[in-house]
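Survey of secondary and tertiary structure
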Amino acid sequence: MIEIQVMHDSSEIIFYNTPELPVKIIKPKLSDYPNRRVICHWHEDIEMLYIINGEMNYEINGKSVRLSEHSVLFVNSRQLHYGNSVSGGDCDFICVLFHPSLLRANARIYQKMAEPVIGNEGIDYLLFEECGSADYSAISGCMKDMAALRECAAPGYEWEIVAGVNKIWSVIFRRCEDIPNDAGSRLHADRQLQREMVSYIFSHYAEQVTLEDIAASGSVSRSKCCLIFKKYLGESPIDFVNSYRLEKSCQELRHTGRSVTEIALDCGFNHPSYYTKLFSRKYGCTPSQYRNSQ
């Protein structure tokens, strides 16, 4: 089971394949994640996905993208995102994450060709579909080669990984040259508020969190808070709190021998019976049944 670990600000803790190179390459299945859903998070790293087979729903800043077999997705730095199953189905994919620092070998080139993309609030993602285009072939080919290199891990393979990242970035840069930066837009401001409020929830989920608390963390009204959550996460603030509490409780059920009551209380649920009701509704089984199935 793969678990996304996040900091209190909702940013993912990235564990790179090797400490010397800020790149993470994995080939997971969606079923490797609890409830076939990746927790909502963000990170400084660039994220690339290649769908080997199956399909996946991907949410980036409230925008829904359906990824089908052989689709390639680029997710820019610092975007709120998560993936989930389509109708309960599974999905095999390659995920490549690399930190922007990997592009800084030449400061002038980074300033000219990396910063304008990474810092552009108008670029949250790019979707590449299989259509025989040179850009698609270049990126998908690089990702498959990088995954194979990682599996073999031959001496010096890291240099080829770096070369692959640079080749991918050359395609990304060309596709992004004419996209305007909307850093001053209302949309950008709402995304910032969303990150702040999600960060508050991740820090305080074990406490009694109210709608007023969440709204105050973003310095917005309760109605504005609800609108932002509905727009970017597709659910109410309190539903999001409970979803996160349930995901945290799953980790406790898998990795500890603590009682269901203790886990419920420590994850912010006042009443174990209510916790069991929400858990059964979301996962189709009781907490005890879930624990026994792992």
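The preceding data block contains the structure.
Thresholds applied
Residues numbered from 1 in each chain as written. Predicted model: local features only at pLDDT ≥ 70, side-chain atom pairs only at ≥ 80, totals over all residues. Heavy atoms only, no water. 1 Å grid on protein atoms, 1.4 Å probe; cavity = no way out; pocket = protein on both sides within 12 Å on 5 of 7 lines; lining within 4 Å. Points joined across faces, edges and corners; volume = space filled by probe spheres on them. Helix = DSSP H or I, 4+ residues; strand = E, 2+ residues; numbered from the N terminus. Nonpolar A, V, L, I, M, F, W, Y, C, P; charged D, E, K, R; others polar. Expected span 1.5 Å × (residues − 1). Buried < 20%, exposed > 50% of the residue type's maximum accessible area, 1.4 Å probe, protein only. Contact = heavy atoms within 4.5 Å. Pairing = 2+ DSSP bridges. Axes fitted to C-alpha atoms, helices over the stretch in contact; angles between N-to-C directions. Polar contact = N/O pair within 3.5 Å; in protein donor to acceptor, adjacent residues only side chain to side chain. Parallel < 35°, antiparallel > 145°, perpendicular 65-115°, else oblique. Phe/Tyr/Trp six-rings, centres within 6.5 Å; stacked < 30°, edge-to-face > 60°. Lys NZ or Arg CZ within 6 Å of the ring centre and 35° of its normal.

Moving on, we come to the layout of surface pockets. A probe as big as a water molecule, rolled over the atoms, marks out the empty space that is left. Considered as a void within the structure, the second largest pocket measures approximately 210 Å³ in volume. Forming the walls of the second largest pocket are 14 residues, and the residues nearest its centre are Leu103, Ile109, Tyr110, Asn166 and Trp169. Contributing elements (two or more residues each) for the lining of the second largest pocket: α1 (107-113) and α4 (157-176). Its residues placed into classes, the lining of the second largest pocket shows 10 nonpolar, three polar and one charged.

The end-to-end C-alpha distance of helix α3 (residues 134-152), which contains 19 residues, comes to 27 Å, matching closely the 27 Å that a straight helix rising 1.5 Å per residue would cover. Within the span of α3, buried status applies to Asp135, Tyr136, Ala138, Ile139, Ser140, Cys142, Met143, Met146, Ala147 and Leu149. The elements touched by buried residues of α3 are β1 (23-26), β2 (46-54), β5 (72-75), β7 (91-98), β8 (125-128) and α4. Count one or two residues on from α3 and you reach alanine 153, which has phi positive near 50 degrees.

The subject of this paragraph is the sheet that holds strand β4 (residues 63-67). Sheets are built from strands paired through backbone hydrogen bonds, the pairs being either parallel or antiparallel. Strand order in the open sheet formed by three strands is β4-β3-β6, and the pairing between neighbours is antiparallel. Sheet topology places β4 and β6 (81-85) at the edges, where each strand pairs with a single neighbour. Averaged over all adjacent pairs, the angle separating strand axes in this sheet is 25 degrees, with direction ignored. Where strand β3 (residues 56-60) meets β6, five bridges bridge the pair, whose relative direction is antiparallel. Paired with isoleucine 60 across the strands is histidine 81, a residue of β6.

A word on the sheet that holds β8. The antiparallel open sheet is built from five strands, whose spatial order is β1-β7-β2-β5-β8. In this open sheet, the two strands that pair with only one neighbour each are β1 and β8. Averaged over all adjacent pairs, the angle separating strand axes in this sheet is 15 degrees, with direction ignored. Examined bridge by bridge, β2 and β5 share four bridges and lie antiparallel to one another. Across the sheet, the residue bridging to tyrosine 50 is valine 72, located in β5. Relative to β2, α3 is tilted by about 90 degrees, and along the sheet it contacts β1, β2, β5, β7 and β8. Contacting β1, β2, β5, β7 and β8, α4 crosses the sheet at an angle of about 100 degrees to β8.

All right, on to unusual backbone geometry then. Comment: phi is negative for the bulk of residues other than glycine, and the bulk of peptide bonds are trans. The backbone of asparagine 61 shows a phi angle near 50 degrees, a positive value even though the residue is not glycine. Among the secondary structure elements, asparagine 61 is positioned in the loop between β3 and β4. A positive phi angle is found at serine 87, which is not glycine, with a value near 55 degrees. Inspection of the secondary structure assignment puts serine 87 in the loop between β6 and β7.

Before going further, it helps to spend a moment on the side chain of arginine 191. On the secondary structure map, arginine 191 appears in helix α5 (residues 186-204). Among the residues examined, arginine 191 registers a relative accessible area of 3% and is labelled buried. Side-chain polar atoms of arginine 191 contact the side chain of aspartate 124, separated by 3.1 Å. With near-sequence residues (within four places) excluded, arginine 191 lies in contact with Asn61, Lys63, Gln79, Glu121, Asp124 and Tyr232.

With respect to the secondary-structure elements, valine 65 resides in strand β4. Exposure remark for valine 65: the relative accessible area of 6% places this residue in the buried category. Linking valine 65 and glycine 83, residues 18 residues apart in sequence, is a C-alpha distance of 9.4 Å. Residue contacts for valine 65: discarding those within four places in its chain leaves Met56, Asn57, Tyr58, Ile60, Tyr125 and Leu127.

Further remarks concern the packing of helix α8 (residues 237-255) against helix α10 (residues 272-283). Where α8 contacts α10, the axes come no closer than 11 Å and their chain directions differ by 90 degrees. One element, α8, and the other, α10, form an angle in the roughly perpendicular class. For the pair α8 and α10, contact is made by Asn242, Ser243, Leu246, Glu247, Ser249, Cys250 and Leu253 and by Tyr274, Tyr275, Leu278, Phe279, Lys282 and Tyr283, respectively.

Here eight bridges tie β2 to β7, and the two strands are oriented antiparallel to one another. Looking across to β7, one finds that tyrosine 50 is bridged to isoleucine 94.

So, about the packing of aromatic side chains. Within this structure, the stated rule accounts for 12 aromatic pairs. Considering the side-chain rings of phenylalanine 98 and tryptophan 169, the 6.5 Å spacing of their centres and the 90 degrees angle between planes classify their relative orientation as edge-to-face. Residue phenylalanine 98 is located in strand β7, and its partner tryptophan 169 is located in helix α4; the two are separated by 71 residues in the primary sequence. When its relative accessible area of 0% is taken as the criterion, phenylalanine 98 is described as buried. An aromatic cluster is built from Phe269, Tyr274, Tyr275, Phe279, Tyr283 and Tyr290, whose rings are joined through pairwise contacts. The aromatic ring of tyrosine 82 is capped on one face by arginine 37, whose charged end is 4.4 Å from the ring centroid.

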